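Examining the three-dimensional arrangement
Chain residues, written in single-letter form:
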Amino acid sequence: MSLMVVSFIFRYFATSIPYQQNFTNMNKTIALIFAMLGTITSACSQTSQQSDVDIFETASGKSVTIHPLVHSSIRIQYDDLELYIDPVRQLGNRTIDYSTIPKANLIFVTHEHGDHYDKEAIKQLSKVGTQFITNRRCADMTGYGLVMKNGDKEDLNFGIKVEAVPAYNTTEGRTQFHPKGRDNGYILNIDGLRIYIAGDTEDIPEMDGIKDIDVAFLPCNQPYTMTPEQLIRAARIIKPKVLFPYHYGQTDVSSLPDALKGDNIDVRIRHYE
């Protein structure tokens, strides 16, 4: 589009303006056009980034804003609070400088793998009063943290409650990646809005007990988590109102919205490569 505009301007000045004026006027106008195109490009980039932000409403009418960061890293804003899930600074060629974004009130980490646990990111996000919620392995590696095991529940104040739920592999030959009982998924209850963050898991039997979910994050990349077919089965068990496939790396998840259209599940594809 921008090249077409520039080409038109060149043709216009070459044919419509006396020869001696061509170059002076053309240079000025082309400079203006490029400045305008830069503004348009910037605006389009911002719009693209904003389109990845999803806003939900709690029981009392407060806003919960969800930002995709990378892969399994999620930022959640609620009532002037900042929550981070599995913050990591780098994955492939994508990087995040956590020292430049708001500090955390709550940080949740599901398990110790490098695409979920990043000690330096936790340090950059922490301030006085930051609560770090995780499993035993990550608390030991960090040297502190509120340890939750599968089945534990905590009232974190601020109108936020959390339940740690199982996350593990079941496929033969892959159970060593995420053994049963070690890692966590989390169900956050934020002023009545229930958000399920599955962590690294397959479609496990315990999902039968996960109900009344408003927003779900389900992983999709074998051999470590679920295939698209497993994710579809998990979604039909959990029945969230809104589903974000995440942790999908190079897995093609583009077919999931159509696959679950008849199940009345709003599937939203965001940048969780």
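Residues numbered from 1 in each chain as written. Predicted model: local features only at pLDDT ≥ 70, side-chain atom pairs only at ≥ 80, totals over all residues. Heavy atoms only, no water.

Our next topic: the overall build of the chain. When helices and strands are counted, the chain shows six helices and 16 strands. Residue burial in the chain is summarised as follows: out of 273 residues, 47% are buried. When the accessible surface of the chain is split by element, carbon and sulfur atoms take 53% of a total near 13600 Å². (Helix = DSSP H or I, 4+ residues; strand = E, 2+ residues; numbered from the N terminus. Buried < 20%, exposed > 50% of the residue type's maximum accessible area, 1.4 Å probe, protein only. Areas by Shrake-Rupley, 256 points an atom, 1.4 Å probe, with all protein chains shown as cover.)

Here the focus is the pattern of salt bridges. Scanning the entire structure with this criterion turns up 18 salt bridges. For K241, the salt bridge goes to D214, with nearest N and O atoms at 3.1 Å. Taken as a pair, K241 in the loop between α5 (228-238) and β15 (242-246) and D214 in the loop between β13 (193-197) and β14 (215-219) lie far apart in primary sequence, 27 residues in all. A residue is classified by how much of its surface remains accessible, and D214, at 14% relative accessible area, is buried. Where salt bridges share partners, they join D52, D54, D266, R268 and R270 into one cluster. (Salt bridge = Lys/Arg side-chain N within 4 Å of Asp/Glu carboxyl O.)

Within the chain, residue pLDDT values average 86, and 81% of them lie at 70 or more. Within the model, the stretch residues 1-50 combines pLDDT values under 50 with 19 contacts to residues more than four positions away or in other chains. (pLDDT = per-residue confidence, 0-100. Contact = heavy atoms within 4.5 Å.)

So, about the nonpolar core. I195 and Y196 are the most contacted members of the largest nonpolar core, which totals 54 residues. At five residues, the largest contribution of residues to this core is made by α5. If you look at the next biggest cluster of nonpolar residues, it comprises 15 residues, including V70, Y84, I96 and Y98. (Core = buried A, V, L, I, M, F, W, Y, C linked by side-chain atoms within 4.5 Å.)

If you trace the seven strands from one edge of the open sheet to the other, you get β1-β2-β3-β4-β7-β8-β9, paired in mixed fashion. The sheet is open, and its two edges are formed by β1 (54-57) and β9 (146-147), each paired on a single side. Strand direction decides the pairing type here: strand β4 (residues 81-85) and strand β7 (residues 106-108), joined by three bridges, are parallel. The partner of Y84 across the bridge, within β7, is I107. (Pairing = 2+ DSSP bridges.)

On to unusual backbone geometry. Residue P223 follows Q222 across a cis peptide bond; omega there is 15°. By the secondary structure assignment, P223 is in the loop between β14 and α5. Although it is not a glycine, D80 adopts a positive phi angle of roughly 70°. Within the secondary structure, D80 is located in the loop between β3 (73-78) and β4.

This paragraph deals with the packing of aromatic side chains. Geometrically, a pair of aromatic rings is defined through the distance of the ring centres and the angle of the planes. For the coordinates displayed, the defined rule picks out nine aromatic pairs. Ring plane angle 85° and centroid distance 6.1 Å describe the contact between Y246 and Y272, whose orientation is recorded as edge-to-face. Here the residue Y246 occupies a position in strand β15, and Y272 occupies one in the segment after β16 (266-267), the gap between them amounting to 26 residues. Just as Y246 is buried, Y272 falls in that class too. (Phe/Tyr/Trp six-rings, centres within 6.5 Å; stacked < 30°, edge-to-face > 60°.)

Here the focus is the environment of H247. Relative to the assigned elements, H247 resides in the loop between β15 and α6 (256-259). Once the C-alpha coordinates of H247 and G199 are considered, the two residues, 48 residues apart in sequence, prove to be 8.7 Å apart. The residues touching H247, leaving out its near neighbours within four places in the chain, are H71, S72, D115, H116, D200, P219, C220, N221, T225 and Y272. A distance of 3.2 Å separates a polar atom in the side chain of H247 from a polar atom in the side chain of D115. Reaching out from H247, the side chain makes a polar contact with the side chain of N221 at a distance of 2.8 Å. (Polar contact = N/O pair within 3.5 Å; in protein donor to acceptor, adjacent residues only side chain to side chain.)

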